[in-house]
Amino acid sequence: MIAISKYTFSIALLIFFVSIIMDTKGQTPFFRNHDLGYMGENFKINTILQDKRAYIWLGTNQGLMQYDGTDHIAYYLPDSAHNNNVTAIYQGTGPNLWVGYESGTIAQFQLINESLVKHPMISGFSSSPISAIMEDQEGNLWFATKGEGIFYFNQDEINQISTDDGLNDDYIYTMVQGPEQHIYVGTDRGIGICKITQEKTKIRNLTIEDGLADNIVKALVPDEYGNLWIGLYDGGICYYNSKDGYFIKPGKDFQWNYGPISDIILTNHNELWIGTEGHGNIAIRFDGNNIPEIIGKHQFLPETRVYDLFNDDQGNIWISDNSSGLTSSNESLLFYKNIKGFNIDNVKTLTTDHKGALWFNTNDGLYYYDIQNEMIRPISSKAIQPELHSADIISSFVDDYNYLWLGTWNQGVFRYHIPSGKTRKITTEEGLVNNNVLSITGSGDEIWFATLGGVSKCTLLDQSMENNINWTFENFQEEGLGLNYIYCVYIDSKNRKWFATDGEGIILLENGSFQSFEKNDSLKSKVIYSITEDLSGNIWFSTKDEGIYKYDGKSFKNYALNDGMNNLIIRSLITDGDGNIVIIHTAGIDILDPDTDEIVYYAQESGIDFIDPNINTTVRDQYENVWIGTNNSIIKYTSSDTDNIRGPVTRLNKVLLFLDENEKPKDNLFSYNQNHISFHCIGLWYQNPGDVKYQYLLEGYDLDWKTSGDKIFIYPKLPPGDYIFKVRSGLNLNFEMADMVTYQFSIAKPFWQRAWFIILGLFFIIGITWTYIKLREQRLKKAESLEKEKIKFQFESLKSQVNPHFLFNSFNTLITLIEEDQEMAVDYVDRLSDFFRSLLQHRESNTISLKEELELISNYYFLQKKRYGNNFDLEIKVSESELDTIIPPLSLQLLIENAIKHNEISTKNPLKIRLYNDNGFLHVKNGLKLKRTVPAGTGFGLEYIINRYKLLSDKSVEINRTKDFFEVSVPLVKPLELDVS
């Protein structure tokens, strides 16, 4: 490494500070305002931090807030009366956040339970506001205060360093760690440098007597060399070489007119952003060398008071101020829309020279823009360059000899000598293949022109502007190119020439021979607009409407919408300083990492809104910046290390049961009824959170990935099992390289699906089955008995139907009626026939309804009444609600028949039978006046009734006999109670 003397470094820094006097107001970032909702007029964000999980944390005067780019969550100390003005946030090697308050309280935000708790050992040691927190390399925790110096905590004890120990002042604004474990603090009386040793704490102070420009030090920022940028109250900025121990102050011509500095940050693009207490932000750009050389200075958001600056790991710069509250800007993009009153619109062509100046052409003519000195001037004015003024310039290129080549419509090429301003026109008369020049490129002595009539190679013989024969032309047309309409020529790292054609695809010229890929089936489009090469030697080219292709020397790979492209109307390709492919289309810019195929893009949320660039308006300068001319501005894109952090950072915020905030699982094992699970996720992408898309998959349930724009994924009624929830977030439909998180959990089986319960269930089923079989056997036996009784009944009933006594008596009664009353005789015959019909109808039935039995009794009573007259009476009082009950057929008829058969029936001893229901029984009761001689019977009737009811009901037939009456009570059986299956 080359050693740099103190004198050389001092001169370089002096040049650096003198050069930043010019204020380049032409360039502005795009600022995105973050709406946190109305927080009150006095709301203030004191400090900003990004934690290891990529969340943004805001320390405000209303508490600690976590912000994901869209929503915020506020956290407060448990003591609601506590001052919640957060003045410092820090995350060390551990997962938790350290939070300092205006009251001097130190708290920890514990991520595991998302709560703020006061630290039991540290809180209470200070009553002054905490201005900074940091952890040194030994694991000691440092706290800076505004009034009591600094404290450091080494897990066992707390030590204080103050003016009593030699510190220059106890009012600390800022604190950083420098080289060799030195702790630097900015105070009202200069810089204090502390170092802990085994013997004691060593303290050294730096003040204006040591070369500091001002004693009030508001901000300190270490650079990659271990040196410090210093922000002051009155003196602007200065630089401290920590190794050699000296300050570099601005020269006497440098005037700092922006008041006190509130904060300083270093960006990834070698820019120093300086927040002020009333003049917004001042950005100073320098190169990345140990001796920085200024490139430009600009002011943003003037007349605002900046409270804090922070740059995250996605390339965004965050600003908290008194005007917008919270804003952010992507440090990769700067916009040039108005340069000293000149509005930039419809840029037709754009290139840069060896000094980094821009040359661009609009509808108003050709312009030169010196970025460093903020100077713009017209080149093709009518008075100075009348012929050039009338030309329609559509392409441009600066060669190795500082000549600007300008291609035109129908007027050939103009060769413009930048130092002298001399111009020479070259047309077909001088050997150019066609006067319509679409693009120009070159290397060394060779200049290549793509035209509507083929390609011309111009070989420079000398650099004289006067010699008419100082080059030669070699033209290529359809014979090698396939056609003459060529959009561009590209020279790769192997000095091969690539041609973009309007119908023959891409053509390669190598070692004097042409190679066409027109017949390659993998090329969907044969119209090529732009070509570039990545750091691995792969060739990339854009097509008319089929996206872009990569050629690795063997095969072509297409990138379209499904691969993450955001637009297929591509105007140009170029490779940035990190080897990424910059894809410029009508709606914005895509950045493709050729190593991972990951694509991020910049569009409306980054300040790019339908830029509609022309084909030849993209160039890369000597500082690796990419410049893009559009319809309303010139955009500067600068790649950085953060560009390697591709796409959103995926996080699983919480898992809820039944969407209830109070139902958060404590572990990853859920009970069977905790099966309504929602996963609340976020893809942290602060440039534009609304662009984030998600893919999710529940292994064990889903068959394939699902794509959604939502952040909440709900799975109701999940069956028991083991699951792994996976979610990844991206900016397009290509999720192959997207950041993914997983969550593994299990849903337990209900007790009835577990082994012990199944075993018990099997035993229970066996027992039930055995019991069922036994009961069924009993029912079958009962049914068998019932069938036997029915057969017996049918036989006895058949015998009773042909009982000669019953028939004889019935016919005698009929003869008497025929002689006395023929109409009654006819009615008698009908009733007799109905009675026998009922006997035949019911003999096949096991049971009949009480209503049907009473109808049969009615006919039977009619027949017997005609025989016995007033000597026989039957009284029936049965509730209508009992008519649907069932009894064995002919049960009541048999009981009435038995009463007639066994009792005397005469005028002296009439027979009266009562039939009524009571308490679930049907009672048949008759007076008892037995005949002296009872006819022989079968003994079937009463026995039949008793046996049948044993089969039909749990209740038994009751028989009650006294000297005066005889009563039989049979149970009334509901149809549902009967089961003889």
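Remember, predicted model here, so these are calculated numbers, not experimental data. By convention here, each chain's residues receive numbers from 1 onward along its written sequence. For a predicted model such as this one, the threshold for reporting local features is a pLDDT of at least 70, and the threshold for listing and counting side-chain atom pairs is 80 or more; totals across whole chains, interfaces and linings nevertheless cover every residue. Side-chain metrics in this entry use all non-hydrogen atoms of the structure; hydrogen atoms and water are not considered.

## A short note on the overall build of the chain
So, step 1. The way it works is that DSSP assigns letters per residue, a run of H or I at least four long becomes a helix, a run of E at least two long becomes a strand, and they are numbered from the N terminus. A tally of regular secondary structure across the chain gives nine helices and 74 strands.
So, step 2. Only protein chains enter the accessibility calculation, which uses a 1.4 Å probe; a residue is then buried when its area is under 20% of its type maximum, exposed when over 50%, and partly exposed in between. In the chain, which comprises 981 residues, the proportion classed as buried is 53%.
So, step 3. In what follows, a contact means two residues having at least one pair of non-hydrogen atoms within 4.5 Å. By sequence separation, contacts in the chain at least 24 residues apart represent 54% of the contacts at least 6 residues apart.
So, step 4. Surface exposure here means Shrake-Rupley accessible area, sampled with a 1.4 Å probe, where a residue is shielded only by the protein chains that are shown. Summed over all atoms, the accessible surface of the chain reaches about 44900 Å², with 48% contributed by carbon and sulfur.

## Here we look at the packing of aromatic side chains
So, step 1. Within 6.5 Å between ring centres, the rings of Phe, Tyr and Trp (the latter by its six-membered ring) count as paired, and their orientation is classed by plane angle as stacked under 30 degrees, edge-to-face over 60, tilted in between. With the rule as written, the count across this model stands at 57 aromatic pairs.
So, step 2. An angle of 40° between the planes, with centres 6.1 Å apart, marks the rings of F499 and F514 as tilted. With a gap of 15 residues between them, F499 in strand β46 (residues 497–501) and F514 in strand β48 (residues 513–516) connect regions that are remote in the sequence.
So, step 3. Look at F499 and you get buried, because its relative accessible area is 0%.
So, step 4. Where F541 meets Y549, the ring centres are 5.6 Å apart and the plane angle is 15°; that geometry is what we call stacked.
So, step 5. Just above the ring of Y307 sits the side chain of K44; from NZ or CZ to the centre is 4.7 Å. For a lysine, the NZ atom is tested; for an arginine, the CZ atom; a charge sits over a ring if that atom is within 6 Å of the ring centre and within 35 degrees of the ring normal.

## Brief notes about the pattern of salt bridges
So, step 1. Salt bridges are defined by distance alone: a side-chain nitrogen of Lys or Arg within 4 Å of a carboxyl oxygen of Asp or Glu. For the structure on display, the rule yields 23 salt bridges.
So, step 2. Here E446 makes a salt bridge to K497, at a shortest N to O gap of 3.7 Å. One end of the pair, E446, is in strand β42 (residues 446–451); the other, K497, is in strand β46, with 51 residues separating them in the sequence.
So, step 3. A cluster of three or more residues bridged by salt bridges with shared partners is formed by E446, K457, E474 and K497.

## Looking at a nonpolar patch on the surface
So, step 1. The patches reported here contain residues having more than 30% relative accessible area and no salt bridge. Joining distances are 9 Å for like charges and 5 Å for nonpolar side chains (Val, Leu, Ile, Met, Phe, Trp, Tyr). A cluster of nonpolar side chains, Y672, F751, W752, W756 and L760, forms an exposed patch at the surface whose accessible area comes to about 520 Å².
So, step 2. Checked against the element boundaries, W756 lands in helix α4 (residues 755–801).

## Here's the deal with the sheet that holds strand β4 (residues 56–60)
So, step 1. Paired strands, in this sense, are two strands between which DSSP finds at least two bridges. Reading across the sheet, the four strands line up as β3-β4-β5-β6 and stay open at both edges, with antiparallel pairing between neighbours. Every other strand in the sheet has two partners, leaving β3 (45–50) and β6 (72–75) as the edge strands with one partner each. Strand-to-strand twist across the sheet, computed as the mean angle between neighbouring axes with direction ignored, equals 20°.
So, step 2. Bridge analysis of strand β5 (residues 63–67) against β6 gives four bridges, and the strand direction is antiparallel. Of the residues in β6, the one forming a bridge with Y67 is H72. For helices, the fitted axis covers only the stretch in contact; all axes are lines through C-alpha atoms, and the angles between them, taken along N-to-C directions, range from 0 to 180 degrees.

## Side note on the sheet that holds strand β71 (residues 911–918)
So, step 1. If you walk across this open sheet you meet the five strands as β69-β71-β72-β74-β73, and the pairing is mixed. A single partner strand is all that each edge strand has here, and the edge strands are β69 (872–877) and β73 (958–961). If you compare each strand with its neighbour and ignore which way they point, the axes differ by 10° on average.
So, step 2. Across the sheet, helix α7 (residues 850–868) is in contact with β69, β71 and β72 (921–927); its angle to β69 comes to roughly 160°.
So, step 3. Across the sheet, helix α8 (residues 891–902) lies against β69, β71, β72 and β74 (965–971), angled at about 150° from β71, the strand it touches most.

## A short note on helix α6 (residues 822–842)
So, step 1. By this rule, a helix spans an expected 1.5 Å times one less than how many residues it contains. Its 21 residues give α6 an end-to-end C-alpha distance of 30 Å, which sits within 8% of 30 Å, the value for a rise of 1.5 Å per residue.
So, step 2. Buried within α6 are the following residues: A825, Y828, L832, F835, F836, S838, L839 and H842. Buried positions in α6, seen along its axis, are confined to an arc of 150° and lie on one side of it. More than 90 degrees from the buried face of α6, the exposed residues found are Q822, E823, V826 and Q841. In this description, the arc belongs to the directions extending from the helix axis to the C-beta atoms.

## What to know about the confidence of the model for the chain
So, step 1. Averaged over the chain, the pLDDT score is 86; the fraction of residues at 70 or greater is 89%.
So, step 2. Scored from 0 to 100, pLDDT reflects the predictor's confidence in each residue. Per-element confidence in the chain is highest for β3, whose mean pLDDT is 97, and lowest for helix α1 (residues 6–19), whose mean pLDDT is 38.

## What to know about the pairing of strand β58 (residues 626–629)
So, step 1. Here β58 shows a buried face lined by V626 and I628 and a second buried face lined by W627 and G629.
So, step 2. Between strand β57 (residues 618–620) and β58, which pair antiparallel and follow one another directly, the connecting turn spans five residues, one of which, E624, has a positive phi of 70°.
So, step 3. When β58 meets strand β59 (residues 634–637), the two strands line up antiparallel, connected through four bridges. In the sheet register, V626 faces β59, and the bridge partner there is Y637.
So, step 4. With antiparallel pairing between neighbouring strands as the criterion, β58 and β59 make up a hairpin whose turn holds four residues.

## Examining the packing of α6 against α7
So, step 1. Interhelical geometry of α6 versus α7 gives an angle of 140° and a closest axis separation of 9 Å. Relative to α7, the element α6 is oriented oblique. Crossing hand, α6 versus α7: left-handed. In this structure, α6 uses M824, D827, Y828, R831, L832, D834, F835, S838, L839 and H842 to contact α7, whose residues at the interface are E852, L856, S858, N859, Y860, F862, L863 and K866.
So, step 2. Of the residues contributing to the contact of α6 with α7, the split by class is nine nonpolar, four polar and five charged. In these notes the angle categories are as follows: under 35 degrees is roughly parallel, over 145 is roughly antiparallel, 65 to 115 is roughly perpendicular, and the rest is oblique. Here a crossing is taken to be left-handed if its near helix is turned anticlockwise relative to the far helix by less than a right angle, and right-handed if that turn runs clockwise. Put simply, Ala, Val, Leu, Ile, Met, Phe, Trp, Tyr, Cys and Pro go in the nonpolar bin, Asp, Glu, Lys and Arg in the charged bin, and everything else, Gly too, in the polar bin.

## Things to note about α7
So, step 1. For α7, spanning 19 residues, the distance from its first C-alpha to its last is 26 Å, which sits close to the expected 27 Å at 1.5 Å a residue.
So, step 2. All of the buried residues along α7 are L850, E853, L854, L856, I857, N859, Y860, F862, L863, Q864 and Y868.

## Here's the deal with the nonpolar core
So, step 1. Nonpolar cores were defined as sets of buried Ala, Val, Leu, Ile, Met, Phe, Trp, Tyr and Cys residues, with membership established by side-chain atoms within 4.5 Å. Within the largest apolar cluster, 70 residues are counted, with the highest numbers of intra-cluster contacts made by W57, L58, L116, I677, F679, F725 and F745.
So, step 2. Counting 39 residues, the second largest nonpolar core, distinct from the first, contains L832, L890, I905 and Y949.

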